[in-house]
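# A look at the structure
Here's the letter readout for the chains.
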Amino acid sequence: MPARVITVAQQKGGAGKTTLVAQLAAHWASQQRRVALIDIDPQESLTQWYRVRSKANGGEDHIDLRWVSGWRTGTEADRLKNDFDLILIDSPPHTETGAKAAVRAAELVLVPMQLSPMDLWATKPTIKMIRDERRDMMLVLNRVPARGLLADEMRAAIDGEQLAVAEAALGNRTVYAASLLKGKGVTEVAPRSAAAEEVARLADEIDQHLAIDRHPSLDDRPSVDRRLAKG
Ligand SMILES: Nc1ncnc2c1ncn2[C@@H]1O[C@H](COP(=O)(O)OP(=O)(O)OP(=O)(O)O)[C@@H](O)[C@H]1O
Ligand SMILES: [Mg+2]
């Protein structure tokens, strides 16, 4: 089965694109799935994370990474499709062309967004671009405060925009950055943390959205009736 291709895009800078890519990749790798990362951001943040990671694990990893220019994203994703289960593309802020190529290469686009009116307004050009490219999209709320009126009001405002919003959201937690500093994800450094739980819930939701069945063997179980008859 060829790899499923997911792009993380958001033209607003600092929304959490690279954090999301690295955290999801680390989580999926911990499930023994082969993850290819494509970094097309000239800032190379994801590439830096991967360098630290490679140094720490001596190259033994379920994750591989390539940095390419934005216009080469589609070709690179096609080239990697048969060797990986998932391809995650981290795109740059501000530039339209690179991000557009990354969106075009994907079947699902995740759009991280922080919970403020300014962030919602600044996300609109990204949403329009993804819609123009006719790609499936999911908004992922990031740095969500534990509770409060703002979160509820923002969710209502987003509802008004008729956007698909992931039920799972990432809280505002220092462990996200702390784990990246070590070239890891929260799943790896703090598997029992609330952050790891958030990433796992989001990853499962994405699997479900893409109808990735990770447990085909479950379909082979005898039906309840047959088991009862045997018992
Ligand atoms: N859930 C979170 N909790 C706490 N800090 C976060 C969270 N998500 C992101 N950050 C912090 O916000 C900053 C921006 O995050 P990140 O670099 O992932 O965003 P980006 O969208 O990739 O930025 P750019 O547009 O520059 O590529 C970083 O300092 C990161 O550690
Ligand atoms: Mg980034």
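This text follows the structure it describes.
### With respect to the nonpolar core
- Among the nonpolar cores identified, the biggest contains 35 residues, and Leu 24, Trp 28, Leu 37, Leu 88, Leu 110 and Ile 206 are the most heavily contacted of them.
- At seven residues, the largest contribution of residues to this core is made by helix 1 (residues 17-30).
- Ignoring sequence-local partners within four residues, the contact set of Trp 28 consists of Ile 6, Arg 33, Val 35, Leu 86, Leu 88, Ala 203, Ile 206 and Asp 207.
- Judged by nonpolar contacts, the second largest core, of 34 residues, contains Ala 77, Ile 89, Val 109 and Met 154.

### Section: the environment of Thr 18
- Following the sequence through the fold, Thr 18 ends up in helix 1.
- For the pair Thr 18 and Ala 99, spaced 81 residues apart in sequence, the C-alpha separation works out to 13 Å.
- Within the structure, Thr 18 has its side chain in polar contact with the side chain of Asp 90 (distance 2.7 Å).

### Points about the site of ligand 1
- Taken together, 17 residues are adjacent to ligand 1, and Lys 17, Thr 18, Thr 19, Asn 142 and Gly 171 come closest.
- Contact distances for ligand 1 include 2.9 Å between an oxygen atom and a backbone N or O atom of Thr 18.
- Out of a free accessible area of 630 Å², ligand 1 has 78% covered by protein chains.
- The set of elements that each furnish at least two residues to the shell around ligand 1 consists of helix 1 and helix 7 (174-181).
- Take the shell around ligand 1: its biggest share by element is three residues, from helix 1.
- Per-class residue counts for the shell around ligand 1 are four nonpolar, nine polar and four charged.

### Quick look at the pattern of salt bridges
- Scanning all chains against the criterion turns up 14 salt bridges.
- The salt bridge involving Arg 51 is made with Glu 44; its shortest N-O contact spans 3.8 Å.
- Accessibility expressed as a relative area gives 25% for Glu 44, which makes it partly exposed.
- Two residues, Glu 198 and Arg 173, come together in a salt bridge whose shortest N-O distance is 2.6 Å. Highlighted residues: Glu 198 in helix 9 (residues 194-209) and Arg 173 in the loop between helix 6 (149-160) and helix 7, separated in sequence by 25 residues.
- Take Glu 198: its relative accessible area is 12%, and that puts it in the buried class.
- A relative accessible area of 34% places Arg 173 in the partly exposed class.
- Through salt bridges with shared partners, a single network forms among Asp 64, Arg 66, Arg 72, Glu 76 and Arg 79.

### Let's talk about the pairing of strand 6 (residues 136-142)
- For strand 6, a buried count of six out of seven residues is recorded, marking the element as mostly surrounded by other parts of the structure.
- Once the chain exits strand 5 (residues 108-114) it traverses helix 5 (residues 117-132) before rejoining the sheet at strand 6, and the crossover so formed is right-handed.

### Focus on the sheet that holds strand 3 (residues 63-67)
- Across the sheet, which stays open at both edges, the six strands sit in the order 3-2-4-1-5-6 with parallel pairing between neighbours. The open sheet has two free edges, formed respectively by strand 3 and strand 6, since each of these has just one partner strand. Strand-to-strand twist of the sheet, defined as the mean angle between neighbouring strand axes without regard to direction, takes the value 20 degrees.
- Along the sheet face, helix 3 (residues 73-80) touches strand 2 (35-39), strand 3 and strand 4 (86-90) and points at about 165 degrees away from the line of strand 2.
- Contacts from helix 5 reach strand 5 and strand 6, with the element oriented near 170 degrees to strand 5.

### Regarding the packing of helix 1 against helix 7
- The N-to-C vectors of helix 1 and helix 7 enclose an angle of 70 degrees; their axes lie 11 Å apart at closest approach. For the element pair helix 1 / helix 7, the angle class is roughly perpendicular. Relative to helix 7, helix 1 is oriented so that their crossing is left-handed. In contact with Thr 19, Ala 22 and Gln 23 of helix 1, helix 7 contributes Tyr 176, Ser 179 and Leu 180.

### Quick look at helix 4 (residues 96-105)
- Of all the positions in helix 4, only Gly 98, Ala 99, Ala 101, Ala 102, Val 103 and Ala 105 are classed as buried.
- Lining the buried residues of helix 4 we find strand 1 (4-8), helix 3, strand 4, strand 5 and helix 5.

The rules behind each value
- Residues numbered from 1 in each chain as written.
- Chains lettered and ligands numbered in written order.
- Predicted model: local features only at pLDDT ≥ 70, side-chain atom pairs only at ≥ 80, totals over all residues.
- Heavy atoms only, no water.
- Core = buried A, V, L, I, M, F, W, Y, C linked by side-chain atoms within 4.5 Å.
- Buried < 20%, exposed > 50% of the residue type's maximum accessible area, 1.4 Å probe, protein only.
- Helix = DSSP H or I, 4+ residues; strand = E, 2+ residues; numbered from the N terminus.
- Contact = heavy atoms within 4.5 Å.
- Polar contact = N/O pair within 3.5 Å; in protein donor to acceptor, adjacent residues only side chain to side chain.
- Near = heavy atom within 4 Å.
- Areas by Shrake-Rupley, 256 points an atom, 1.4 Å probe, with all protein chains shown as cover.
- Nonpolar A, V, L, I, M, F, W, Y, C, P; charged D, E, K, R; others polar.
- Salt bridge = Lys/Arg side-chain N within 4 Å of Asp/Glu carboxyl O.
- Right-handed = clockwise from strand over helix to strand, strands pointing away.
- Pairing = 2+ DSSP bridges.
- Axes fitted to C-alpha atoms, helices over the stretch in contact; angles between N-to-C directions.
- Parallel < 35°, antiparallel > 145°, perpendicular 65-115°, else oblique.
- Left-handed = near helix turned anticlockwise from the far one by under 90°.

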